[in-house]
Amino acid sequence: AQTIHQWPVAEIKAVGSPLSLGCTIKGKSSPNLYWYWQATGGTLQQLFYSITVGQVESVVQLNLSASRPKDDQFILSTEKLLLSHSGFYLCAWNRDRETLYFGSGTRLTVL
Amino acid sequence: GDSVTQTEGQVALSEEDFLTIHCNYSASGYPTLFWYVQYPGEGPQLLFRASRDKEKGSSRGFEATYDKGTTSFHLRKASVQESDSAVYYCALSGVDSNYQLIWGSGTKLIIKP
């Protein structure tokens, strides 16, 4: 069975500090990987997707970047956090553009 | 471009009430349509999907029928329970989706005990 693990579960960070969020997929080779962002009480906004190692496409950047260093790993980062980065970050995967399967998310609070 | 419209931002019902959440879409051809449910503090999870006209998706007592004629995929449940309280999202994957699901704005379902 496939499992998706996101880390950390929650973060409280200062404005201007760096950020790195991670996501690992186990049990599925060569998945498509996605990062989503959700403001508190808001809808889902796709940020990035990757269909293969080393290749990442941006949908909406929001002063964030993403990388896929390994087949099963997807990283979201920024060197300088903004207040507007607060929210819920979700990693997801699928195969062949079918059903998306989401992780349990990371709650980010920027102060 | 493709779009999904959910007209209800919030629905408040009592237990055993009938639920309808409306979803209308705009897309060419036959997109795949999804209903997802998101509980507080969790990621969305698939309820069900449908890919053909008149196809009915169902899960956990929820159901929706793909209607190409009215471009709709309304979510229904005959008798809601308190445990159904969550946010429900309609989404579509179009023929030219380019790895993007198009999401509705979500409907928060509140069940009063």
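Here, the structure is the one placed above.
From a predicted model like this one, the values you see are computed outputs, not experimental measurements.

(A) Fine view of the overall build of chain B. What chain B contains, in helices and strands, is zero helices and twelve strands. Ordering the α and β elements of chain B from the N terminus gives β-β-β-β-β-β-β-β-β-β-β-β. For chain B, the spread of C-alpha atoms along the principal axes amounts to about 45 × 30 × 20 Å. The buried share of chain B, taken over its 113 residues, is 45%. A fraction of 55% describes how many contacts in chain B between residues 6 or more apart in sequence connect residues 24 or more apart. Positive and negative side-chain charges of chain B, numbering 10 and 13 respectively, have mean locations separated by a distance of 3 Å.

(B) Quick peek at the side chain of A:Gln38. Mapped onto the elements, A:Gln38 comes out in strand β4 (residues 32-38). A distance of 3.1 Å separates a polar atom in the side chain of A:Gln38 from the backbone oxygen of A:Gly42. Here the side chain of A:Gln38 touches B:Tyr89 through a polar contact of 2.9 Å, side chain to side chain.

(C) Region of interest: the state of the cysteines. All names here are of chain A. In total, this model carries two disulfides over all chains according to the counting rule given. Sulfur-sulfur distance for the disulfide between Cys23 and Cys91 comes to 1.9 Å. For the disulfide bridge between Cys23 and Cys91, the dihedral angle about the S-S bond is near -70°, and by the sign convention the bridge is left-handed. With Cys23 in strand β3 (residues 19-26) and Cys91 in strand β9 (residues 87-94), this pair connects stretches of sequence that are 68 residues apart. Taking relative accessible area as the criterion, Cys91 reaches 0% and is therefore assigned buried.

(D) Quick look at unusual backbone geometry. Looking along the chain, the bond that leaves A:Trp7 and enters A:Pro8 is cis, with omega of -10°. With respect to the helices and strands, the residue A:Pro8 is situated in the loop between β1 (3-7) and β2 (10-13). A positive phi angle is found at A:Ser30, which is not glycine, with a value near 50°. In this structure A:Ser30 comes out as partly exposed when scored by relative accessible area, which is 41%. Residue B:Arg60 is not a glycine yet carries a positive backbone phi of 55°. Mapped onto the elements, B:Arg60 comes out in the loop between β7 (56-59) and β8 (62-65).

(E) Local environment of the sheet that holds strand β3 (residues 19-21) of chain B. All names here are of chain B. Taken in spatial order, the four strands make up an open sheet running β3-β9-β8-β7, and their pairing is antiparallel. A single partner strand is all that each edge strand has here, and the edge strands are β3 and β7. The average angle at which neighbouring strand axes cross in this sheet is 20°, direction not considered. Pairing of β7 with β8 involves four bridges; the strand directions are antiparallel. Each bridged residue has a counterpart across the sheet, and for Ser58 the counterpart in β8 is Glu63.

(F) Geometry of the pairing of β9(A). Residue and element names in this part refer to chain A. Judged by how many residues are buried, β9 sits mostly within the fold: eight of eight residues are covered. Across seven bridges, the pairing between β4 and β9 is antiparallel. Looking at β9, one finds that Asn32 is bridged to Asn94. When β9 meets strand β11 (residues 106-110), the two strands line up antiparallel, connected through three bridges. From the neighbouring strand, Tyr89 faces β11, where its bridge partner is Thr106.

(G) Expanded view of the interface of chain B and chain A. Each partner contributes residues to the interface: chain B has 19 residues there, and chain A has 20 residues. The largest share of the area that chain B buries against chain A comes from B:Pro44, B:Tyr99 and B:Trp103, three residues that together contribute 38% of it. Linking chain B with chain A are zero salt bridges, by the criterion used here. At the junction of chain B and chain A, the tally comes to eight residue pairs in polar contact (both at pLDDT 80 or more). Those elements that provide at least two residues to the side of chain B that touches chain A are β5 (32-38), β6 (45-50) and β10 (86-93) of chain B. With three residues, the top contributor of residues to the side of chain B that touches chain A is β5(B).

Scoring rules and cut-offs
- Residues numbered from 1 in each chain as written.
- Chains lettered and ligands numbered in written order.
- Predicted model: local features only at pLDDT ≥ 70, side-chain atom pairs only at ≥ 80, totals over all residues.
- Heavy atoms only, no water.
- Helix = DSSP H or I, 4+ residues; strand = E, 2+ residues; numbered from the N terminus.
- Buried < 20%, exposed > 50% of the residue type's maximum accessible area, 1.4 Å probe, protein only.
- Contact = heavy atoms within 4.5 Å.
- Lys, Arg positive; Asp, Glu negative; His and termini not counted.
- Charge placed at Lys NZ, Arg CZ, Asp CG, Glu CD.
- Polar contact = N/O pair within 3.5 Å; in protein donor to acceptor, adjacent residues only side chain to side chain.
- Disulfide = S-S within 2.5 Å.
- Pairing = 2+ DSSP bridges.
- Axes fitted to C-alpha atoms, helices over the stretch in contact; angles between N-to-C directions.
- Buried area = accessible area lost by both parts, 1.4 Å probe.
- Salt bridge = Lys/Arg side-chain N within 4 Å of Asp/Glu carboxyl O.

So far we have only geometry, and geometry alone does not tell us how the molecule works.
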